[in-house]
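Remarks on the overall topology
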Amino acid sequence: MTARWGSEIRLTLLALISSLVAAGVAQAHPIPFSYLDLRLGEAGGGEATLVVHIIDLAHDLQIDPPEQLLDQEFVVEQSGAMADLVEGRLSLSTGDRVFKPNWLIPEVLPDRQSVRLRFHYVFDQAPGVIGIDALLFPYDPRHQTFLNVYEAGELRNQAILDLNHPRTEYFLGTWQGTRAVVQRFLPLGVEHILTGADHLLFLVGLLLLGGSVRQLLIVVTAFTLAHSVTLSLSVLNVFSPPSNIVEPAIALSIVWVGADNLLVGGGRDMRAWIAFVFGLIHGFGFAGILRAMDLPTRDVAWSLVSFNVGVEIGQLAVVIAAAAVLVALRARSELAGQRLATVGSVVVIAVGGVWFVQRVFFPWGLS
């Protein structure tokens, strides 16, 4: 009985020791990071180095024990497998074209328990923007790749790529890069104004009362100047109020426009002032989409200008279309034009009011 009891104790101790050893091995892997340095402008292409931990490489290459990857000769033997692994998970591209890396001899970094992979790219035509996609070790959802982009020998951009954010873009500091910025952000501005129902309704509300071409130009110009100012302030991080204030205020501006249309009567036309004051608020709303993007650091000005020009193009298209319809209607019947202005203003107030209530009391959305 005593011998059996002693045997059970030894088995229990062995099981406990084994579990502790296993836990130690599991915790021996540091927080999983890889480090990618991309140097552009090197001999018409780019030089890249990628530092990866031996445990990550060993896991996906099925190498056991991982310490074999601390042997330089063994690493050279495995260089082809490493290249195939990385090429399937890391890519540089521009447009529809994916650049193929040319691999150099990897090297062991014993002090970091890592391997440094080296490769370079050749660009037969200078790209304006380079997309960098990296999801190196998807077996570990915690894995992150720290990216440094150098151009002309200077650090220009940094990013962290992971499971939730596997892609970033870098706009080069060349005329091709500036052109790529304009081509990206100008249509984005057009799209934003044409799909922004609240901004469109505010504009249409301002136009419902009609007026001369000069009056409408003053109203639209006031709105443009105002939202351009606050758009710039927000994107440049000078001043940016929270969205839970901006979004209800935009809805309230729509209500205000509709109410002013109904109350103005034969009084003074205040639409230009309304457009300017509330245009400041709408500018903060426009900025939301830009703040959510990785703006090119050196081309923030071009990004802002391009986006703003796009907004104005879309805005101008809406103004011309709406003004043409209102003018044509009033030309046929002044009474019909007045009724449209009245009914339209009521609709503007109602929709703006619903949005205001939703954005204040149900910001998560109505089911």
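The structure contained in this document is the topic of the report that follows.

The rules behind the values
Residues numbered from 1 in each chain as written. Predicted model: local features only at pLDDT ≥ 70, side-chain atom pairs only at ≥ 80, totals over all residues. Heavy atoms only, no water. Core = buried A, V, L, I, M, F, W, Y, C linked by side-chain atoms within 4.5 Å. Buried < 20%, exposed > 50% of the residue type's maximum accessible area, 1.4 Å probe, protein only. Helix = DSSP H or I, 4+ residues; strand = E, 2+ residues; numbered from the N terminus. Arc of directions from axis to C-beta. Contact = heavy atoms within 4.5 Å. 1 Å grid on protein atoms, 1.4 Å probe; cavity = no way out; pocket = protein on both sides within 12 Å on 5 of 7 lines; lining within 4 Å. Points joined across faces, edges and corners; volume = space filled by probe spheres on them. Nonpolar A, V, L, I, M, F, W, Y, C, P; charged D, E, K, R; others polar. Pairing = 2+ DSSP bridges.

Residues Phe185, Phe202, Leu231, Val235, Leu290 and Phe307 are the most contacted members of the largest nonpolar core, which totals 42 residues. Of all the secondary-structure elements, those providing two or more residues to this core are α5 (175-195), α6 (197-207), α7 (213-235), α8 (243-263), α9 (271-291), α10 (300-332) and α11 (334-361). Counting residues per element, this core draws most heavily on α10, at nine residues. Counting 37 residues, the second-largest nonpolar core is a separate cluster that includes Ala48, Leu50, Leu85 and Val149.

Once that is clear, we can look at helix α4 (residues 79-87). Each full turn of the α-helix corresponds to 3.6 residues, which orients residues three or four apart in the same direction. Considered for burial, the residues of α4 that qualify are Met82, Ala83, Leu85 and Val86. All buried residues of α4 lie within an arc of 165° about the axis, which places them on one face of the element. Buried positions along α4 lie against β2 (45-53), α2 (54-61), α3 (72-77), β3 (90-94), β5 (102-103) and β7 (114-122).

Scanning the model with the defined rule gives two cavities of 30 Å³ or more in all. Taken as a whole, the largest cavity encloses approximately 40 Å³ of empty space. Along its surface, the largest cavity is lined by Leu50, Val52, Leu57, Leu85, Val86, Arg89, Leu136 and Phe137. Contributions of two or more residues to the lining of the largest cavity are made by β2 and α4. Each residue belonging to the lining of the largest cavity can be placed in one class, and the counts come to seven nonpolar, no polar and one charged. Its volume calculated, the second largest cavity comes out at about 30 Å³. Residue classes in the lining of the second largest cavity are distributed as five nonpolar, two polar and one charged.

This part covers the side chain of Ser306. Relative to the assigned elements, Ser306 resides in helix α10. Contact partners of Ser306, with chain neighbours within four places excluded, come to Val181, Val182, Phe185 and Leu186.

Let us now look at the pairing of β7. The pairing of β2 with β7 spans nine bridges and is antiparallel. Looking at the pairing, Gly45 lines up with Val122 of β7. Bridging between β5 and β7 involves two bridges; their strand directions are antiparallel. When the sheet's bridge partners are listed, Trp103 is paired in β7 with Phe119. As defined by bridge partners, strand β6 (residues 107-109) adjoins β7 across three bridges and the pair is classed as antiparallel. Its bridge partner being in β7, Val108 is matched across the sheet by Val115. Counted between consecutive antiparallel strands, the loop separating β6 from β7 contains four residues, among which Gln113 sits at a positive phi close to 55°.

Scope: geometric values only; no functional claims are made or implied.
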